[in-house]
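What follows is the residue order along each chain.
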Amino acid sequence: MREEAFRFGRARHLVGIAGVPDGSDGETGVIVLNAGLVHRIGPFRLHVELTRQLNSAGYPTLRFDLSTLGDSGASGGGLTRTQQVCADVDDAMRLLAERAGCKRFVLVGLCSGAQNAHTVAASDPRVSGAVFLDGYAYRTLGYKLRHYLPRALDPARWARFLRHRAGGGGTDKAASEPVFAVAPAPREEVIADFTGMVGRGMKLYLVYSGGISYCFNHARQFRECFGKVMDHPAVTTSYRAETDHTYILTGDRARLVDGIGGWLARNFPPASGRHA
Amino acid sequence: MRNDPELPFFFGAESGLFGMYHAPVSVPRRAVLMCPPLGQELIRTHRLYRQLAQALAAQGVAVLRFDYHGTGDSAGDSAEVDWNRCIGDAVTAAGELRSRAGVDRVVAFGARLGGSIALGAADRARFAEVIAWDPVVNGDDYVAALDTMQAALREDADRFSRPRTHADVAEQWLGFDIGESLRKQLMGLRVAPPNVPTLVLDSLPADAAPRWEHLVSRRGKVAAISPPTPWNDLRRLEAAILSHPLIQAVSGRMTEDA
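Residues numbered from 1 in each chain as written. Chains lettered and ligands numbered in written order. Predicted model: local features only at pLDDT ≥ 70, side-chain atom pairs only at ≥ 80, totals over all residues. Heavy atoms only, no water.

## Digging into the nonpolar core
Residues and elements named next belong to chain B.
Okay, so step 1: With 91 residues, the main nonpolar core has Leu33, Phe109, Phe127 and Trp133 as its most contacted residues.
Okay, so step 2: Sort the elements by how many residues they give to this core and helix H3 (residues 83-101) lands first, with nine residues.
Okay, so step 3: Setting aside residues no more than four positions away along its own chain, phenylalanine 127 makes contact with Leu33, Ala94, Arg98, Val106, Ala108, Ala118, Ala121, Ala122 and Val196. (Core = buried A, V, L, I, M, F, W, Y, C linked by side-chain atoms within 4.5 Å. Buried < 20%, exposed > 50% of the residue type's maximum accessible area, 1.4 Å probe, protein only. Helix = DSSP H or I, 4+ residues; strand = E, 2+ residues; numbered from the N terminus. Contact = heavy atoms within 4.5 Å.)

## Digging into a positive patch on the surface
Residues and elements named next belong to chain A.
Okay, so step 1: On the surface, Arg151, Arg157, Arg160 and Arg163 cluster together into a positively charged patch.
Okay, so step 2: Top contributing element to the positive patch by residue count: helix H5 (residues 155-166), with three residues.
Okay, so step 3: Since its relative accessible area comes to 33%, arginine 151 is described here as partly exposed. (Patch = residues over 30% accessible without salt bridge, like charges linked within 9 Å, V, L, I, M, F, W, Y side chains within 5 Å. Areas by Shrake-Rupley, 256 points an atom, 1.4 Å probe, with all protein chains shown as cover. Salt bridge = Lys/Arg side-chain N within 4 Å of Asp/Glu carboxyl O. Lys, Arg positive; Asp, Glu negative; His and termini not counted. Charge placed at Lys NZ, Arg CZ, Asp CG, Glu CD.)

## With respect to the packing of H3(B) against helix H4 (residues 113-125) of chain B
Residue and element names in this part refer to chain B.
Okay, so step 1: H4 packs onto H3 with a crossing angle of 65° between their chain directions and a minimal axis gap of 9 Å. As for the relative orientation of H3 and H4, their crossing is right-handed in sense. Each of Trp83, Cys86, Ile87, Gly88, Ala90, Val91, Ala94 and Arg98 in H3 lies in contact with H4, whose residues at this interface are Leu113, Ser116, Ile117, Gly120, Ala121, Arg124 and Ala125.
Okay, so step 2: A per-class count over the contact of H3 with H4 returns 10 nonpolar, three polar and two charged. (Axes fitted to C-alpha atoms, helices over the stretch in contact; angles between N-to-C directions. Left-handed = near helix turned anticlockwise from the far one by under 90°. Nonpolar A, V, L, I, M, F, W, Y, C, P; charged D, E, K, R; others polar.)

## Some thoughts on the pairing of strand E6 (residues 129-133) of chain B
All names here are of chain B.
Okay, so step 1: Counting buried positions along E6 gives five out of five residues, so the element sits mostly inside the fold.
Okay, so step 2: Side chains Glu129, Ile131 and Trp133 of E6 all project onto a buried face; the interleaved residues Val130 and Ala132 project onto the opposite face, where all are buried too.
Okay, so step 3: Pairing geometry for strand E5 (residues 106-111) and E6, over five bridges, is parallel. In the sheet register, alanine 108 faces E6, and the bridge partner there is valine 130.
Okay, so step 4: Note that E6 and strand E9 (residues 198-202) share four bridges and pair parallel. Across the sheet, the residue bridging to tryptophan 133 is leucine 201, located in E9. (Pairing = 2+ DSSP bridges.)

## Topic: the sheet that holds strand E5 (residues 104-110) of chain A
Residues and elements named next belong to chain A.
Okay, so step 1: Read across the sheet, eight strands follow the order E1-E2-E4-E3-E5-E6-E7-E8 without closing on themselves; strand pairing throughout is mixed. Strands at the two margins of the open sheet, each flanked by one partner only, are strand E1 (2-8) and strand E8 (235-240). Within this sheet the neighbouring strands show an average axis-to-axis angle of 15°, counted without direction.
Okay, so step 2: Contacting E1, strand E2 (14-20), strand E3 (28-32), strand E4 (61-65) and E5, helix H1 (residues 46-56) crosses the sheet at an angle of about 160° to E4.
Okay, so step 3: Contacts between helix H2 (residues 81-100) and the sheet are confined to E1, E2, E3, E4, E5 and strand E6 (127-133), with E4 contributing the most and set at about 145° to the helix.

## Quick word on the pattern of salt bridges
Okay, so step 1: As enumerated under the stated definition, the model contains 37 salt bridges over all chains in all.
Okay, so step 2: Notably, a salt bridge pairs Glu224(A) with Arg146(A), separated by 3.0 Å at the nearest N-O pair. Taken as a pair, Glu224(A) in helix H7 (residues 221-226) and Arg146(A) in helix H4 (residues 141-152) lie far apart in primary sequence, 78 residues in all.
Okay, so step 3: Looking at Glu224(A), the relative accessible area reads 25%, which means it is partly exposed.
Okay, so step 4: Note that Asp252(A) is salt-bridged to Arg164(B), the shortest N-O span being 2.8 Å. With Asp252(A) in helix H8 (residues 250-267) and Arg164(B) in the loop between helix H5 (139-154) and helix H6 (166-169), the pair connects residues from two separate chains.
Okay, so step 5: You can call Asp252(A) buried: its relative accessible area is 2%.
Okay, so step 6: Residue classification places Arg164(B) among the buried residues on the basis of a relative accessible area of 6%.

All we've got here are geometric facts, nothing functional implied.
Here it is as structure tokens:
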């Protein structure tokens, strides 16, 4: 197996790396979308490690830069960002279909990548599966109880608060600068999208990390956020409280990659006898 | 093959190195090889490297960006990054650039360890000049800074809900596995002055400025660019490093060179 670099797309404006296992064509191709503004290799090279491990398991993959991100340029087509994302992923699916004969696709995205994967998955019938890493989330009542109640009952926290007030309330702690963030979409709309996705046979894998504790803090919150569609057998969820948002520790990253590989193997078994 | 102004491709032994060639509009007479830094600094400077490459291509310079073995889109695992191989990859990339651009005169640019690699490869790669942005000249200090940040990362409350174990963060630097050999290689790193003209672009904070004199005493100079670049700020670890002054400084130097 060797990776190939491509400039592709309707305006030859996109750049991506395809990995196609040796042997016969693969039915299911995996496409990995940008996480935030990080170019196609992904945070700490997550997308490289993921796509290569999936190639070893027999899946054709494409990691690429959406328009204006990484090494990709603008298409100049005057589309809205949402339309552009759909057009770019359409170009990516066409490339992987041409190179590896893929007929169906699984999209993988972290943060804004999950949002973009969601947008395409909600409307494109070629998308048969999606892995949403820290995708849409909402502060539910359960979230607030889990978040605020322990703090309200913690005497040490009260003592710190009172000392702080007595000392004038100043702080020299610089606020951390958010790099990744997912713009909210109406919750009912997201639930309807999920329902539509599983209704047409899609398989979903939602993996949320402890790195988004400002809006998500327990495995139960999948159900609290999205309701009964989370109980559908086509939906798999995983909450990894110990990890950060971008999987900076290599052990966490390896476990995430293994988890995605396992989910794919269970839901989209690769063609047999075509990989090492 | 179409003549795309920016062409991604693989080259080198077993086609394992990723490159992005920026072809200028006119027939080039000069070329710049952009040597990336390692680890998270490679990701943080990716956008800036692209912007600089485009600026240089617009002024008639052929540019090659590339990734060393074990980094970026190139073959190999992160733990396989090896200093000597990085130097060798820079030499290979210089040859690839000469071949694609049809020019012999190649200037190397590199940020941080990319600058150190460019300096280390200068003779073998026959660079006409090296432009090094905050190069790492003393490996001990660099390793110590990375170890300090990695230790702080373990209990970074902005990242983890509770501190991680020492084992969780061992043998890594800020998101990347490191092999024992790379650690030793970097600890022993002392960048010697190259036999070519050298321009050091200095954007380190005033209290962190190393002594560049030994690098530039004979055939080089130092130019300060501001504001200081936050290379070692854990809170900005995933924020891109962008610098218009850097682009101006390198573009300006290449204009002088025309």
